[in-house]
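Fold and geometry: a report
What follows is each chain in one-letter form.
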Amino acid sequence: KYQHLQQLLKGMKQVLIAFSGGADSTLLLKVAKDMLGDQVLAVTAVSEPTPRHEQMDAEGLARELEAAHLMVSVYNLFITSLLNIKTGSSGFFLIL
């Protein structure tokens with residue numbers, strides 16, 4: 001499975017990884033960096049309920065792996081989405 005992941009990544013020019021700092025996304029980031037070098041971007045979604053230590057952990061792991069890392073606030077997206085709730089014939093629909 002590991003070699004298959006390496007081959008998949010090697011066939012890509014660039015990748016963006018949804019990076020939580022957990023075991024799965026950290027492994028994926030490591031393998032992607034090994035295969036693609038600087039053509040990898042780790043992105044962490046941050047919202048109000050995200051504990052600060054989890055944000056710092058993700059930031060530290062990305063730095064340790066020497067990966068470009070972007071933290072994106074999804075709080076405004078969440079609030080905007082709530083404001084766009086529409087009532088449909090079968091209930092509520094969330095429009096993103």
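Scroll up to find the structure this text is about.
What comes next concerns the included structure. In this text, all values refer to a predicted model and were calculated from it rather than measured experimentally. Residue numbers here run from 1 along each chain, matching the order of that chain's written sequence. In view of the model being predicted, local features appear only for residues whose pLDDT reaches at least 70, and side-chain atom pairs are presented and counted only at 80 or more, with totals across whole chains, interfaces and linings using the full set of residues. Heavy atoms from the whole structure form the basis of all side-chain values; hydrogens and water molecules are not counted.

Our focus in this paragraph is the pairing of strand S1 (residues 15-18). Every second residue of S1 is oriented toward a common face, the buried set being Val 15 and Ile 17 and the non-buried set Leu 16 and Ala 18. A pair of strands is considered paired only if DSSP assigns at least 2 bridges between the two. Numbering goes from the N terminus for both helices and strands, where a helix is a DSSP run of H or I of at least four residues and a strand is a run of E of at least two. Two elements, S1 and strand S2 (residues 40-46), share four bridges in a ladder whose sense is parallel. From the neighbouring strand, Ile 17 faces S2, where its bridge partner is Ala 42. Using a 1.4 Å probe on the protein chains alone, a residue whose accessible area is under 20% of its type maximum counts as buried, one over 50% counts as exposed, and one in between counts as partly exposed.

As a further point, take the pattern of salt bridges. Pairing between side chains of opposite charge can happen when their charged atoms approach one another. In what follows, salt bridge is the name for a side-chain nitrogen of Lys or Arg lying within 4 Å of a carboxyl oxygen of Asp or Glu. Per the counting criterion, the structure on display carries two salt bridges. Between Lys 30 and Asp 34 there is a salt bridge whose closest N-O contact spans 2.9 Å. With Lys 30 and Asp 34 both in helix H2 (residues 23-36) and four residues apart, this pair spans about one turn of that helix. A salt bridge links Asp 38 to Lys 33; the nearest nitrogen and oxygen atoms lie 3.4 Å apart.

For a helix, the expected span equals 1.5 Å multiplied by the residue count minus one. For H2, with 14 residues, the first-to-last C-alpha span of 20 Å sits near the 20 Å given by 1.5 Å per residue. Two residues form a contact once any of their heavy atoms are found within 4.5 Å. Of the surrounding secondary structure, the elements contacted by the buried residues of H2 are helix H1 (2-10), S1, S2 and helix H3 (52-64). With its phi angle positive at about 60 degrees, Gly 37 sits one or two positions after the end of H2.

Turning next to the nonpolar core. In this structure, Leu 9, Val 15, Ile 17, Phe 19, Leu 29, Ala 32 and Val 40 are the most contacted members of the largest nonpolar core, which totals 13 residues. For this core, the elements supplying multiple residues, two or more each, are S1, H2, S2 and H3. Per-element accounting of this core gives the leading share, four residues, to H2. Once you skip the residues sitting within four places of it in the chain, Leu 9 turns out to touch Val 15, Leu 28, Val 31, Ala 32, Met 35 and Leu 36. What makes a nonpolar core is a set of buried Ala, Val, Leu, Ile, Met, Phe, Trp, Tyr and Cys residues whose side-chain atoms join them at distances within 4.5 Å.

The next thing to look at is the sheet that holds S1. What holds strands together in a sheet is hydrogen bonding between their backbones, with the strands either parallel or antiparallel. Strands sit in the order S1-S2-S3 across an open sheet of three strands; the sheet is parallel. At either end of the open sheet lies a strand with only one pairing partner, and these are S1 and strand S3 (68-73). The average angle at which neighbouring strand axes cross in this sheet is 25 degrees, direction not considered. Across the sheet, H2 lies against S1 and S2, angled at about 165 degrees from S1, the strand it touches most. Here the axes come from fitting lines to C-alpha atoms, over the contacting stretch only for helices, and the angles between their N-to-C directions go from 0 to 180 degrees.

This part takes up the pairing of S2. Most of S2 is tucked away, with five of its seven residues classed as buried. On the question of chirality, the crossover connecting S1 to the parallel S2 by way of H2 is right-handed. As paired strands, S2 and S3 are joined by six bridges and run parallel to one another. Within the sheet, the bridge partner assigned to Thr 44 lies in S3 and is Met 71. On the question of chirality, the crossover connecting S2 to the parallel S3 by way of H3 is right-handed. A crossover gets the label right-handed when its path from the first strand over the helix to the second runs clockwise, viewed with the strands pointing away from the viewer.

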